[in-house]
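Coordinate inspection notes
In case you want the letters, here they are:
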Amino acid sequence: MLAALRRFRFTEFQLLVVPSLMAIVGLLTIFLTRTGTVEWTWRDIWVSLAYVAMLIGISAWLSISGFKGDQVLFPIVAMLAGLGLLMTQRLQPVLEARGAAWARLPERQLIYLAMGLVLFWGMMTFVRQLDWLRRYKYTWAFAGVLLMVITFMFGQEINGARQWLDLGIVTIQPDEIVKLILVVFLAAYLDDHRAAINTVWRVGPLNLPPIPYLLPMVLMWLIAVGTVVLQNNLGSALLFFGIFLVMLYVATGRTLYVVVGSASFAAAVYVAYQLFGRIADRVQNWINPWVDPWGTGLQPIQSDYAMAAGGLFGTGLGHGYPQFIPVVETDYIFAVIGEELGLLGTIGVLCLYLLLIGRGYLIALRAEDGFARLLATGLTTIIALQTLIIVGGVVRLIPLTGVTLPFISAGGSSLLANFIIVALLLRTSDPEWRRG
Amino acid sequence: MRLFVRAVALVAAALVVGYGFFVLDQEQQVEWLGVVAVAFFLLVLALWPSFPAGGGNSFERSLTRTASVVFAVFVLVSVQLVHLQVVDADEIGSRTMPTAEGTVMDPRQAIVSARVARGRILAAGGEPIADTVINPDGTWRREYGDPAATYLAGFYSPLAYGLSGLEQTYNAYLRGEEGGNPFTEWLDGILHRERRGYDLELSIDLDLQRRAHELLGDQSGAVVLMDAKTGAVLAMAGSPTYDPARLYTNAGPDSDAQIQAAEAYWAELTQPGSSALLTRPTQGLYAPGSVFKTVTAAAAIETGVAAPDTVYRDEGALTVDGRVIPEENRPDPNRVSYTLDEAYAWSLNVVYAQVGLQLGAERLKQYATRFGFEQEIPFDLPVAVSQISQDEGFLNNRAALADTAFGQGQLFVTPLQMALVADAVANGGEMMRPYLVQRVSTYDGKTLQTRSPEVWKRAISEDTAAVLRDMMVHSVQNGWASDAAIPGYLVGGKTGTAEAGGGEPHGWFIGFAGKQEPEYVVAVIVEHGGVGGTSALPIGREMLRAALERSGE
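Residues numbered from 1 in each chain as written. Chains lettered and ligands numbered in written order. Predicted model: local features only at pLDDT ≥ 70, side-chain atom pairs only at ≥ 80, totals over all residues. Heavy atoms only, no water.

**Some thoughts on helix α1 (residues 2-22) of chain B**
For the α-helix, the turn length of 3.6 residues means that residues three or four positions removed from each other point alike. Residues and elements named next belong to chain B. Taking 1.5 Å as the rise per residue, α1 with 21 residues should run 30 Å; its terminal C-alpha atoms sit 30 Å apart, in good agreement. Looking only at α1, the buried set comprises Arg6, Ala9, Ala13, Val17, Gly20 and Phe21. Here the buried residues of α1 occupy an arc of 115° about the axis, which is enough to place them on one side. Exposed side of α1, more than 90 degrees from the buried face: Phe4, Val11, Leu15 and Phe22 are the residues found there. (Helix = DSSP H or I, 4+ residues; strand = E, 2+ residues; numbered from the N terminus. Expected span 1.5 Å × (residues − 1). Buried < 20%, exposed > 50% of the residue type's maximum accessible area, 1.4 Å probe, protein only. Arc of directions from axis to C-beta.)

**Considering the interface of chain A and chain B**
Contacts between the two partners involve 50 residues from chain A, matched on the other side by 47 residues from chain B. Summing both partners gives a buried area of about 4300 Å² for chain A against chain B, and 73% of it is carried by carbon and sulfur. Taken together, the connections running from chain A to chain B amount to 1 salt bridge. Between Glu339(A) and Arg108(B) there is a salt bridge whose closest N-O contact spans 2.7 Å. Across the contact surface, chain A and chain B share 9 residue pairs in polar contact (both at pLDDT 80 or more). Looking at the side of chain A that touches chain B, the elements that each hand over two or more residues are α12 (234-252), α14 (277-287), α15 (298-310), α16 (333-366) and α17 (370-394) of chain A. (Contact = heavy atoms within 4.5 Å. Buried area = accessible area lost by both parts, 1.4 Å probe. Salt bridge = Lys/Arg side-chain N within 4 Å of Asp/Glu carboxyl O. Polar contact = N/O pair within 3.5 Å; in protein donor to acceptor, adjacent residues only side chain to side chain.)

**A few points about the side chain of Gln410(B)**
Residues and elements named next belong to chain B. By the secondary structure assignment, Gln410 is in the loop between α16 (398-405) and α17 (415-426). One polar contact links the side chain of Gln410 to the main-chain amide nitrogen of Gln390, over a distance of 2.7 Å. A polar atom in the side chain of Gln410 sits 2.8 Å from the side chain of Asp391. Setting aside its immediate chain neighbours within four residues, Gln410 contacts Gln387, Ile388, Ser389, Gln390, Asp391 and Phe394.

**A look at the sheet that holds strand β21 (residues 520-526) of chain B**
Residue and element names in this part refer to chain B. Taking strand neighbours across the sheet as the criterion, the 5 strands line up as β10-β9-β21-β20-β19 in an open arrangement whose pairing is antiparallel. Each edge of the open sheet is held by one strand with a lone partner, namely β10 (233-239) and β19 (490-498). Across the sheet, the mean angle separating the axes of adjacent strands is 5° when strand polarity is ignored. For strand β9 (residues 221-227) and β10, the ladder comprises 6 bridges, and the chain directions are antiparallel. Residue pairing in the sheet places Val224 in a bridge with Met236 of β10. Running at roughly 150° to β21, α17 makes contact with β9, β10, β20 (506-514) and β21 of the sheet. (Pairing = 2+ DSSP bridges. Axes fitted to C-alpha atoms, helices over the stretch in contact; angles between N-to-C directions.)

**With respect to the sheet that holds strand β3 (residues 121-122) of chain B**
Residues and elements named next belong to chain B. Taken in spatial order, the 6 strands line up as β5-β4-β3-β8-β16-β17 in an open sheet, and their pairing is mixed. The sheet is open, and its two borders are formed by β5 (140-144) and β17 (447-450), each paired with just one other strand. Where β3 lies against strand β8 (residues 199-202), 2 bridges are found, and the strand directions are parallel. Paired with Leu122 across the two strands is Glu201, which belongs to β8.

**Here we look at unusual backbone geometry**
Residue and element names in this part refer to chain B. Note that the residue after Ser239, namely Pro240, is joined by a cis bond; omega there is -5°. Its identity as a non-glycine residue notwithstanding, Glu374 has a phi of 60°, on the positive side. Here Glu374 shows up in the loop between α15 (349-370) and α16. The backbone of His528 shows a phi angle near 50°, a positive value even though the residue is not glycine.

**Quick notes on the confidence of the model for chain A**
When the pLDDT values of chain A are averaged, the result is 86; 93% of them are 70 or greater. Taken element by element, chain A is modelled with least confidence in helix α19 (residues 431-435) of chain A, mean pLDDT 61, and with most confidence in α16(A), mean pLDDT 95. (pLDDT = per-residue confidence, 0-100.)

**Digging into the side chain of His506(B)**
All names here are of chain B. You can see His506 is positioned in strand β20. Residue His506 is classed as buried on the basis of its relative accessible area of 8%. At 2.9 Å, the side chain of His506 and the backbone nitrogen of His528 are in polar contact. Other than its neighbours up to four places away in sequence, His506 contacts Tyr286, Gly496, Thr497, Ala498, Ala500, Ile525, Val526, Glu527, His528, Gly529 and Gly530.

**Notes on the nonpolar core**
Ranked by internal contacts, the top residues of the largest apolar core, which has 154 residues, are Phe334(A), Phe407(A) and Ile408(A). Looking at this core, you find at least three residues from each of domain 1 (2-126 + 279-435) and domain 2 (134-275) of chain A. Once residues lying within four places of it in the same chain are set aside, the contact partners of Ile408(A) are Leu80(A), Leu83(A), Gly84(A), Met87(A), Ile333(A), Ile337(A), Val349(A) and Tyr353(A). Core analysis: the next-biggest nonpolar cluster, separate from the first, contains 139 residues, Leu152(B), Val350(B), Tyr352(B) and Phe371(B) among them. (Core = buried A, V, L, I, M, F, W, Y, C linked by side-chain atoms within 4.5 Å. Domains from an automatic or database assignment.)

**Quick word on the packing of α17(A) against helix α3 (residues 58-87) of chain B**
Relative orientation of the contacting elements α17(A) and α3(B) amounts to 15°, with a least axis distance of 11 Å. Relative to α3(B), the element α17(A) lies roughly parallel. Our pair here, α17(A) against α3(B), has a crossing hand that is left-handed. Residues Arg373(A), Leu374(A), Thr377(A), Ala384(A), Thr387(A), Leu388(A) and Val391(A) of α17(A) form the contact with α3(B), whose participating residues are Phe59(B), Leu63(B), Val70(B), Val73(B), Phe74(B) and Val77(B). (Parallel < 35°, antiparallel > 145°, perpendicular 65-115°, else oblique. Left-handed = near helix turned anticlockwise from the far one by under 90°.)

**Topic: the pattern of salt bridges**
In total, this model carries 38 salt bridges over all chains according to the counting rule given. Residue Lys365(B) pairs with Glu362(B) through a salt bridge whose shortest N-O separation is 4.0 Å. With a gap of 3 residues between them, Lys365(B) and Glu362(B) both fall in helix α15, about one helical turn apart. Lys365(B) gets classed as partly exposed once you look at its relative accessible area, which sits at 27%. Relative accessible area serves as the criterion here: at 56%, Glu362(B) is assigned to the exposed category. Salt bridges here are not isolated pairs; linked through shared partners, they connect Arg134(A), Lys137(A), Asp191(A), Asp192(A) and Asp369(A).

**Examining the pairing of β21(B)**
A regular strand carries its side chains on alternate faces of the sheet. Residue and element names in this part refer to chain B. For β21, the tally of buried residues reaches 7 of 7 residues, placing the bulk of the element in the interior. A two-sided burial pattern is seen for β21, the buried positions comprising Tyr520, Val522, Val524 and Val526 on one face and Val521, Ala523 and Ile525 on the other. In this sheet, β21 lies alongside β9 in antiparallel orientation, the contact comprising 7 bridges. Paired with Val223 across the bridge in β21 is Val524. Sheet topology note: the β20/β21 ladder contains 7 bridges and is antiparallel. Each residue of the ladder has a partner; that of Gly511, found in β21, is Val522.

**Topic: a nonpolar patch on the surface**
On the surface, Leu312(A), Phe313(A), Leu344(A), Val86(B), Phe183(B), Trp186(B), Ile190(B) and Leu191(B) cluster together into a nonpolar patch covering about 710 Å² of accessible area. By residue number, the principal contributor to the nonpolar patch is helix α9 (residues 182-190) of chain B, which donates 3 residues. Structurally, Leu191(B) can be placed in the loop between α9 and β8. Residue classification places Leu191(B) among the partly exposed positions, given a relative accessible area of 47%. (Patch = residues over 30% accessible without salt bridge, like charges linked within 9 Å, V, L, I, M, F, W, Y side chains within 5 Å. Areas by Shrake-Rupley, 256 points an atom, 1.4 Å probe, with all protein chains shown as cover.)

This is how it looks when you write it as structure tokens:
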């Protein structure tokens, strides 16, 4: 009995109070704003109740199964995913007005969230070791490349980017899987070739990086640039190449690689910008969307209006006008947060991501095994880069490129992939696995 | 040392961001991105983790550094959010752009405007100029009062052409978001409480305003009548003008019809040659003609270049650098000697050309500036800036300087500016800050703010003002402005006739009147009305008379 009590994850349980309250109060606010009354029953907010039950269930299961890993990560993720849940519920009338195909998106998102939590639970329960990830690194790499090729050949084009695969029942976004495979492969590969760090490869007067670094560098560069050109997907390319550079830097400590890598990638993107009109549009919208206010500029202009309307405190959940922003549920979900929750809300969300990222890097620092360190670094970097790329795009600090806001944007593949990231991070933080 | 560098970098980053927030315009996106980039490097410099020699392994060092860069980027995204959501929020929200497909604007503005019953705009005493009527279904609509004053309120057309006039400058007050208790306004806002906008009571006296339009009749021109001591504008008329009721649009069942009507009327108003949308009293720019001699005389007296009894010769013409300035205003063609005072009363161009040359370009410019030229007059409506010359260095030409001194050259002035020149003379050298809005109140009449008169600036010394006042009075007693006299009252004035490219010249009159002291000042322009003494002066005199009779003296 005492042993069971000692195993109880008290910090995590306490912290889960916040996302639980947010989910319940938030959904209630949305419901009451929509109906314009003060009458409600528990049935009206069953979605949040179910969500809270799942959170508590998972936390309890982690306690029972004796898991000793990080206790802060899961509540942060619960907060972000809960906010995503609220946002899709909030957007329901907007999506309904847009047509039948969209009307079921909130329900689908609910199912994805449930699937994500179940997947998370499954991984925490059945995947106790991570060595198999490392062992089959070339298999992963092969699968990843194959997935990209298939997407390129049979993929569906939506909004100009070819990044969806239609499997009949569901449409998946292979990039979400590829980013995971990339991190796993790089962690294993870079750790294996650690010994070669200090060797230098001389070609005449040039000091080139040793082959184990040079080769993947060139390959990755090709893959990233290929993603830009062939898939027309600058967002994923930035993400892939960014992950690669961060992991390479952390593994080797060589700033030069980062500088050369990013400079050559920037040069390639610049050439693509000169060649392809689609990228030029994005740059145009970034610098001045008012050039084409009814066409490509419509989204950024409406997003700016929404952000400005939010002000410091926001209009309150349900009181904004997200219907004015086209395709609001993915790329521009952050603008809805900006309008309805205000500056306090947007900064709050950024702080949550920062906490998540800080926790992730801390897990990497504490890990003792080289593979685990790089794995945690890479997985955390996915979240960091993805957040910065999409939020930076929405607030027009960088050109907008389509990646999802982790845990908040609508989209099943992205949600599942992000829960896998959290499960892997938690597993890495587990002291027992470290010893093993 | 390390700590010092960090602190300096952090302060520098804050300064750079502050520059971006408060100096750069919302449209300067490229410059702003530059600011963010510089702030990024400074922030990374401030945060860059340092390790004791040999401390930490390579992995720990590089990961900590990566984390510090990620943190810096998050800080900058937050800075951008503060920029978008707080610092520049009002500018962004009110940004509009008319295009062929319709005006690009924030659709929220129209929705919010329709929901919050807008405040009324009232004339002095409470008669509505722009009224608010609550419909049975709880929505509201604007109804307009006497067309003699409605264009001062401006148009309210959020669904088509935006806002103008007081509707625009006092938008936040009319929406009830500013002007009362900031805390309750904020609370009402975040709790989405029903609220009503605040009413504006103007200093406009509707009787005087109607009188101004009667006197102008179908002539183009403008009238400004001000209280000399307070700066309260009692009448401000411009003709031709427009009817804001026909541009009114608001969200509701009638909005489509309103937009169509507004578009048709707008097309009419913006036809080439039509200037009805121009608020002539504050935005019309005209050559002043001889009324500008008041400024020249003020400069000459205050700088000691001349006194009222300084004698000048006027032989019927003056040649300056080959240009002949003819004299058409002498009361007696055989008389060639006039004092400065007489030359003002008889409006002698040859004398004032000589005064201008004596003063020189610098001093003339300096005094025009002291009277408010080349600056935006602080006012409740948009104003045009009066100018002493268009081209840089124009006044360095002696002939041009001579022309400017008696009111021609490249001078362009607004009627409001000339009313302030008269006010400086009438009010002991100080120009009052002119205003239209004298009271802000809640819809049920509770006063929130009352305007208290303020001095805008001192143009000339009290002594100079007293001398000029006598000169203006003499001009009415024995000069071209003698028709301005109102028996039983002290009246001073100056007429002007300004060549206005083609057609009849513009007629001008500025003046003041009162029982013992000047109480009201007036400026009148009649476009292409011919000689000021017969076109503008009677209007000015009748306005002053009406104002004096109104106050029951």
